[in-house]
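Residue-level listing of the chains:
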Amino acid sequence: MAADRDFYQLLGVGRDASQDEIQRAYRKLARVYHPDVNSDPAAEERFKDISEAYNVLSDPATRRRYDAFGPEFRQVPPDVDPDAWRRGRATAGTGAGARGGWAGASTGPGTGPGPGRSGPGGFTFGQGDIDLEDILGGLFGSGRPGGPGRGSRRGWGPVPGADQEAELPLTVEEAYHGGHRTITLTGPGGERRFEVNVPAGVTDGQRIRLAGQGGQGSEGAPPGDLYLIVAVRAHPRYRLAGRDIYAELRLAPWEAALGTSVAIDTPGGEAKLQVPPGTSSGRKLRLRGRGLPSRRGKPGDFFAEAKIVVPPSLTDLERDLLEQLAATSAFDPRSRR
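Residues numbered from 1 in each chain as written. Predicted model: local features only at pLDDT ≥ 70, side-chain atom pairs only at ≥ 80, totals over all residues. Heavy atoms only, no water.

This paragraph deals with the pairing of strand β8 (residues 260-266). Here β8 runs beside strand β9 (residues 269-275); their pairing, made up of 7 bridges, is antiparallel. Each bridged residue has a counterpart across the sheet, and for T260 the counterpart in β9 is V275. Here β8 folds back onto β9, and the loop between the two strands holds 2 residues. (Pairing = 2+ DSSP bridges. Helix = DSSP H or I, 4+ residues; strand = E, 2+ residues; numbered from the N terminus.)

Considering the arrangement of structural elements, one finds K28 in helix α2 (residues 19-33). By relative accessible area, K28 is classed as exposed at 62%. Considered as a pair, K28 and L11 are 17 residues apart in the sequence and their alpha carbons are 9.3 Å apart. (Buried < 20%, exposed > 50% of the residue type's maximum accessible area, 1.4 Å probe, protein only.)

Once that is clear, we can look at α2. In an α-helix, one turn spans 3.6 residues; hence positions three or four apart end up facing the same way. The end-to-end C-alpha distance of α2, which contains 15 residues, comes to 21 Å, matching closely the 21 Å that a straight helix rising 1.5 Å per residue would cover. Among the residues making up α2, those that are buried are I22, A25, Y26, L29 and A30. Angular distribution of buried residues about the axis of α2 spans 135°; they occupy a single face of the element. What points out from α2, more than 90 degrees from its buried face, is the exposed set R24 and K28. (Expected span 1.5 Å × (residues − 1). Arc of directions from axis to C-beta.)

Per the stated rule, a full pass over the model turns up 6 aromatic pairs. Between Y26 and Y54, the aromatic rings sit 4.4 Å apart at their centres with planes inclined by 10°, giving stacked as the arrangement. Of this pair, Y26 sits in helix α2 while Y54 sits in helix α3 (residues 41-57), and the two are 28 residues apart along the sequence. On the basis of relative accessible area, Y26 is assigned to the buried category, the value being 0%. Between the aromatic rings of Y238 and F302, the centroid separation amounts to 6.2 Å while the plane-to-plane angle is 80°, which identifies the pairing as edge-to-face. With Y238 in strand β6 (residues 238-241) and F302 in strand β11 (residues 302-308), the pair connects residues that are 64 residues apart, well separated along the chain. (Phe/Tyr/Trp six-rings, centres within 6.5 Å; stacked < 30°, edge-to-face > 60°.)

Taken together, 3 strands build an open sheet; the order of strands is β1-β5-β4 and the sheet is mixed. For this open sheet the edge positions go to β1 (164-170) and β4 (207-210), each flanked by a neighbour on one side alone. Here the average twist between neighbouring strands, direction ignored, is 30°. The sheet contact formed by β4 and strand β5 (residues 226-232) spans 4 bridges and is antiparallel. Paired with R207 across the strands is I229, a residue of β5. (Axes fitted to C-alpha atoms, helices over the stretch in contact; angles between N-to-C directions.)

Our focus in this paragraph is the nonpolar core. Counting 34 residues, the largest nonpolar core has V196, L228, L249, I264, L273 and F302 as its most contacted members. Not counting residues within four places of it along the chain, the set of residues in contact with L228 comprises A166, L168, I183, L185, V196, Q206, R207, I208 and L210. In terms of nonpolar packing, the next biggest core, distinct from the first, is built from 23 residues, F7, Y8, A53 and F69 among them. (Core = buried A, V, L, I, M, F, W, Y, C linked by side-chain atoms within 4.5 Å. Contact = heavy atoms within 4.5 Å.)

A few words on the sheet that holds β11. Note: strands within a sheet are paired through backbone hydrogen bonds, in either parallel or antiparallel orientation. Reading across the sheet, the 4 strands line up as β6-β7-β11-β10 and stay open at both edges, with mixed pairing between neighbours. Looking at which strands have only one partner, the edges of the open sheet turn out to be β6 and β10 (284-287). Across the sheet, the mean angle separating the axes of adjacent strands is 30° when strand polarity is ignored. Judged from the 4 bridges that link them, β10 and β11 form a sheet pairing that is antiparallel. From the neighbouring strand, L287 faces β11, where its bridge partner is F302.

Glancing now at α3. Between its first and last C-alpha, α3 extends 25 Å over 17 residues, near the 24 Å set by a 1.5 Å rise per residue. The complete set of buried residues in α3 reads A43, F47, D49, I50, S51, E52, A53, Y54, V56 and L57.

Take the pattern of salt bridges next. A complete count under the given rule lists 12 salt bridges for this structure. D6 is paired through a salt bridge with R15; the nearest N and O atoms lie 2.7 Å apart. It is possible to trace a salt-bridge network through shared partners that takes in D6, R15 and D67. (Salt bridge = Lys/Arg side-chain N within 4 Å of Asp/Glu carboxyl O.)

Now for the confidence of the model for the protein chain. The predicted model of the protein chain has a mean per-residue pLDDT of 77, with 75% of residues at 70 or higher. Note that pLDDT drops below 50 for residues 93-155; the model gives that stretch 114 contacts with residues more than four away or on any other chain. (pLDDT = per-residue confidence, 0-100.)

Encoded structure:
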């Protein structure tokens, strides 16, 4: 039960949280655990707990009593001094019949032992006590007689629709250029088609928001949003690292040794790349700004990673020339200089 746990922890806020912070925390949790949007029985129990926590902490007077007396705040008479209560609690200890240091104390109308249903913390709700529906009304319906939410489904009032997520697979080229896409998603309600404008330069894991296309709200509440999570597919030539793009550049030994100018394909089109003399395998040659574009910052860079490739077979002239080079060159590739 909620009373067995700290109400602040249930809502995920600090003890110094403002009323607005408590309200926002409850809204966020209710979007996940409200029974109208989550059919898991465990979710319904969790919603009851967070609703009770919100019901207590959203009322300044009740919150002050909770801060002063903790989980037993409902059992403590209204005129008790918090310091005296703590001293009495310490004196009474934790033995049987000494619950919270106030065992057997009268706690005012409806809050002490008597006929009724069991409530949080093991005490009972008597006649005229807090209505359980009052506790569960929470933010989305007061649950009070004549208030909004009375008569709604299960008495919990309207709840905004839950946000939803779906994967949006893209090729590197599609991520680079962006553009218009039509996607089809299949869910419990069948297939739905969406028209999506993909911004140029989206990165892997980036979220594209489709406002109002998520789960439906209950009882007239607004729907949630649909978030498309970009998933850039593996590419036979390109590898992404954030906005930077990497590709292999295959070079003949003489091109790497003498230097050359080569044409290289990038997602943005063909580009000229200068290969400096003495380029070894693994060297990264950069084309600035030729990576993924960015609407708000610098674009990424394109990196060509050199890989020296030798001919699979040699002509007689090629062999003669390489033998001459081997005989005259003092270069030792295994030297640690």
